[in-house]
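Breakdown of the fold
The lines below spell out each chain.
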Amino acid sequence: MTKNPSPHIWLYDTTLRDGTQREGLSISTEDKLRIAHRLDQLGIPFIEGGWPGANPKDVQFFWQLQEDPLKLSQIVAFCSTRRPHTHAADEPMLQDILAAGSSWVTIFGKSWDLHVTTGLKTTLEENLAMIRDTIEFFRSQGRRVIYDAEHWFDGYKHNRDYALQTLKAAMLAGAEWLVLCDTNGGTLPHEVSQIVQDVVKVTREDSTQLPIPQIGIHTHNDSDMAVANALAAVMAGATMVQGTINGYGERCGNANLCSLIPNLQLKLGYSCITEHQLGQLTEASRFVSEVVNLAPDEHAPFVGRSAFAHKGGIHVSAVERNPLTYEHIQPEQVGNRRRIVISEQAGISNVLAKARTFGIELDKQTPEAKQILQRLKELESEGYQFEAAEASFALLMYEALGGRQQFFEVKGFQVHCDLVEGKEMTNALATVKVAVNGKNILEAAEGNGPVAALDAALRKALVNFYPQLATFELTDYKVRILDGHTGTSAKTRALVESGNGYQRWTTVGVSPNILAASYQAVVEGLEYGLLLHAQAEAAVKASG
Ligand SMILES: CC(=O)SCCNC(=O)CCNC(=O)[C@H](O)C(C)(C)COP(=O)(O)OP(=O)(O)OC[C@H]1O[C@@H](n2cnc3c(N)ncnc32)[C@H](O)[C@@H]1OP(=O)(O)O
Ligand SMILES: CC(=O)C(=O)O
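In this text the structure is predicted, and so the values were computed from the model without any measurement. (Residues numbered from 1 in each chain as written. Chains lettered and ligands numbered in written order. Predicted model: local features only at pLDDT ≥ 70, side-chain atom pairs only at ≥ 80, totals over all residues. Heavy atoms only, no water.)

1. Here's the deal with the sheet that holds strand β11 (residues 409-419)
Just so we agree on the cut-off: At least two bridges found by DSSP between two strands is the condition for calling them paired. Put simply, DSSP H or I for four residues or longer makes a helix, DSSP E for two residues or longer makes a strand, and each gets a number counted from the N terminus. Where helices are involved, their axes are fitted lines through C-alpha atoms of the stretch in contact, as for all axes, and angles between N-to-C directions lie from 0 to 180°.
As summarised here, the arrangement of the three strands in space is β11-β12-β13, forming an open sheet in which the pairing is antiparallel. Of all the strands in the sheet, just β11 and β13 (439-447) have a single pairing partner and so form its edges. Shown here is a sheet whose adjacent strand axes are inclined to one another by a mean of 10°, direction ignored. Of the pairings in the sheet, the one linking β11 to strand β12 (residues 426-436) comprises ten bridges and is antiparallel in character. Note that in β12 the partner of H416 across the bridge is L429.

Put into C-alpha cells, the structure is as follows:
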C-alpha cells in the first residue's frame, strides 16, 4: 500500500518587509540580498522582498535581484490597494510595483469597516472597488496576486458580511490566495479556528465557477499567540503560512517561522521544506540575527542555544540514558545540538557528561568525580558561575585529577591608575612578577584600564617562553556585582572571554576586589589558551 503524501503548506517569509517594521531593525540592500539568498537555500517558496516605491532601498533590492535571481523561491513585491477615487493604471505607486519585475505581488486591503471610514476616509463601496481594480490591474499586466486581508479577524468580528464582501471582491478580481491577517495580534486560537473554517466554507460556496483561491494566514504576536494562531488556521484549512525568521516584525513581531516550520512538519505531519533544509534551520536563524545585528534569543524554542540545554541534575541523568526523557524532538532535526550545563544545580551526571566533552572519561564511583562535583557546588555558592565559564571548569577538573599543568606562576602584581585632570581616559600601569621554569621575570605594561594593563604585562612577561601568546586576545570582559546591598565590600564576578583566532573560551574569577576577580579570570584565560595549544601540539605529534 502506498503512503498518502503529507499535505503541503506553502511558506511565505516576510522578514524583509514586515520583519523590517520591527523597532530597531534596519537592513541595507546588500544585507537584504544576502538574507533572500539564504531563505532561497532554506526552501521558502515565497519571499516578500519589500514595498518597491516606498523607499529607495526596496527599489534597489528588486533591481539588484534581477541581476542575481533566486534559484527556487518566488520573490514577491508588496503594496496597498490604489488610493480612493483614483485609477489603478494611473497610480505611480502601482507602476513602481510593476517596474520591480516580480511575477507575484501581494496587495493588502481593508477588511474592517472602521478602517475604511476612519483610516481611508472613504465609503465601503469605494473600498471594494479599490480592492477589485488594483487586483484586476495587476492581473491584466500578467502578475499573479496574493491578497492580504488586513485586520481580517477584527473586521470579521465587527461586520462579518462586509468583511466577506472584501474577500469576494479580491477573489472575483483574480487573487490566487486570500491571506487572513490578524494585524493587531489580539485574536485567540479558538477564534482563528472558527473564523478560518467559516471562510474556507464560504469561499468554496462562492466560487462555483472560479478557480478556488487558497487561504493563507498572517499573524502577529501581541498576545503571544502568533505561532499558535497560525497552527490553528492551518488545522482549519489554511494552506499558506506567513511569518518571519526569529519572529521579527512590527510591535511584538510576527509568527516565528523557526517555530512554525518544525511544528508543522515534525508535530502535525505537513510538508513544508525538505528534511535536509529543516536541518539548516538553526544556522539560518543565527545567520539572519547576525546580518540584522540583533543578538540571537538564546532561549528561542527549537533554534536557541538553550533549546536543548540540560541543567538540572535529574534531567541530565535521564537524558544520558534516553534523550526522549527531556527532549520533545531530536535537536539535530532542526540543526541544533544538546548541551549539558554545569552549575550548582548539577548532579554527578552533569560532571561526567561535561568531562566527556573535554575528552575526559570519568567513572561515577571514583572519588575524583565526587570531589569535582563538591568543589563545583562550593565555588558556585561563593559566587562563581561555571555555566558560561567552561574553561575554568575544565581547569578545575584537571586539578582534581592531578593533571593541571603549571605553565607559569604569578608571584605578585601591582596596578597603578592615573586620572588625568581634564581628560576622560584613566591611564593604568601594571607591573607583574612571574616565574617560568624556575626563572623570575619582572615586566610592566600600560593600558587604558587596569585589566587591560594587567593582561598586557602578563603577556609581555610570558611571550618569550610561549610565543603562541602573540595570537591570544581578550575578546570580552564582563563584571557583575553579586551582593550589591553590602556596598563597596560586595563581591564581584568577572568573566573574561579570550580567543586565539579560531577558538574562544571563557574563564571566571570572584573576589570582593574587582581587580583580584579580574586577575583570576585573566590568568586562567592565558593558562587555558596555553593548555589548548599544548593539547593541539600533542595531537599532531601523536598522529605522526
Ligand atoms: C499592516 C501593515 O503592516 S501594512 C504595511 C505597512 N508598512 C508601511 O507603512 C511601511 C512603508 N510605508 C511607507 O513608506 C509610507 O507609509 C507610504 C510610502 C506607503 C505612504 O506614505 P505617505 O503617502 O506619506 O502616507 P502615510 O505614510 O501617512 O500613509 C497613510 C496613507 O496611506 C493610505 N492607506 C492606508 N492603507 C491603505 C490601503 N489599504 N489602500 C490604500 N491606501 C491606504 C491612507 O489612507 C493614507 O492616505 P492619505 O494620507 O491620502 O489619507
Ligand atoms: C499585511 C500585514 O502585514 C498585516 O495585516 O499585518
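2. Let's talk about empty space enclosed by the protein
Selection rule: Only protein atoms enter the 1 Å grid used here, on which a cavity is any set of points holding a 1.4 Å probe that cannot leave and a pocket is any open set flanked by protein within 12 Å on both sides along at least five of seven lines; residues with an atom within 4 Å of a point are listed as lining. Grid points are joined across faces, edges and corners, and a volume is the space filled by probe spheres set on the points. Under the grouping applied here, Gly and all other residues not named as nonpolar or charged are polar, the nonpolar ones being Ala, Val, Leu, Ile, Met, Phe, Trp, Tyr, Cys and Pro and the charged ones Asp, Glu, Lys and Arg.
The tally for this structure, following the rule as stated, stands at two cavities of 30 Å³ or more. When its volume is computed, the largest cavity comes out at roughly 50 Å³. Lining the largest cavity are D455, R459, F472, E473, L474, V496, S498, W505, V522, G525 and L526. Sorting elements by how many residues they give to the lining of the largest cavity places helix α18 (residues 514-542) first, with three residues. Taken together, the residues of the lining of the largest cavity break down into six nonpolar, two polar and three charged. Around the second largest cavity sit L164, L167, K168, M171, V202, T203 and D206, which together line it. Here the lining of the second largest cavity is built from residues that sort into four nonpolar, one polar and two charged.

3. Considerations on the site of ligand 2
Condition: In these notes, residues near a molecule or strand are those with any non-hydrogen atom within 4 Å of it. Counted as a polar contact is a pair of N or O atoms within 3.5 Å, where, for protein atoms, one must be capable of donating a hydrogen and the other of accepting one, and residues adjacent in sequence contribute only when both atoms are in side chains. The method behind every accessible area is Shrake-Rupley, applied with a 1.4 Å probe, and residues are considered shielded solely by the protein chains displayed.
Around ligand 2 lies a shell formed by R17, D18, D148, E150, C181, T183, H218 and H220. In this structure, H218 approaches ligand 2 through a side-chain N or O atom, which is 3.1 Å from an oxygen atom. For ligand 2, whose free accessible area comes to 220 Å², the fraction covered by protein is 93%. By residue class, the composition of the shell around ligand 2 is one nonpolar, three polar and four charged.

4. Notes on the site of ligand 1
The environment of ligand 1 is made up of 16 residues, and the closest members are R17, Q21, W51, T81 and K110. In this structure, a nitrogen atom belonging to ligand 1 sits 2.7 Å away from a side-chain N or O atom of T81. K110 places a side-chain nitrogen or oxygen 3.2 Å from a nitrogen atom of ligand 1. Out of a free accessible area of 1000 Å², ligand 1 has 50% covered by protein chains. Among the secondary structure elements, those contributing two or more residues to the shell around ligand 1 are β3 (74-80) and β4 (104-110). Its residues assigned to classes, the shell around ligand 1 comprises six nonpolar, six polar and four charged.

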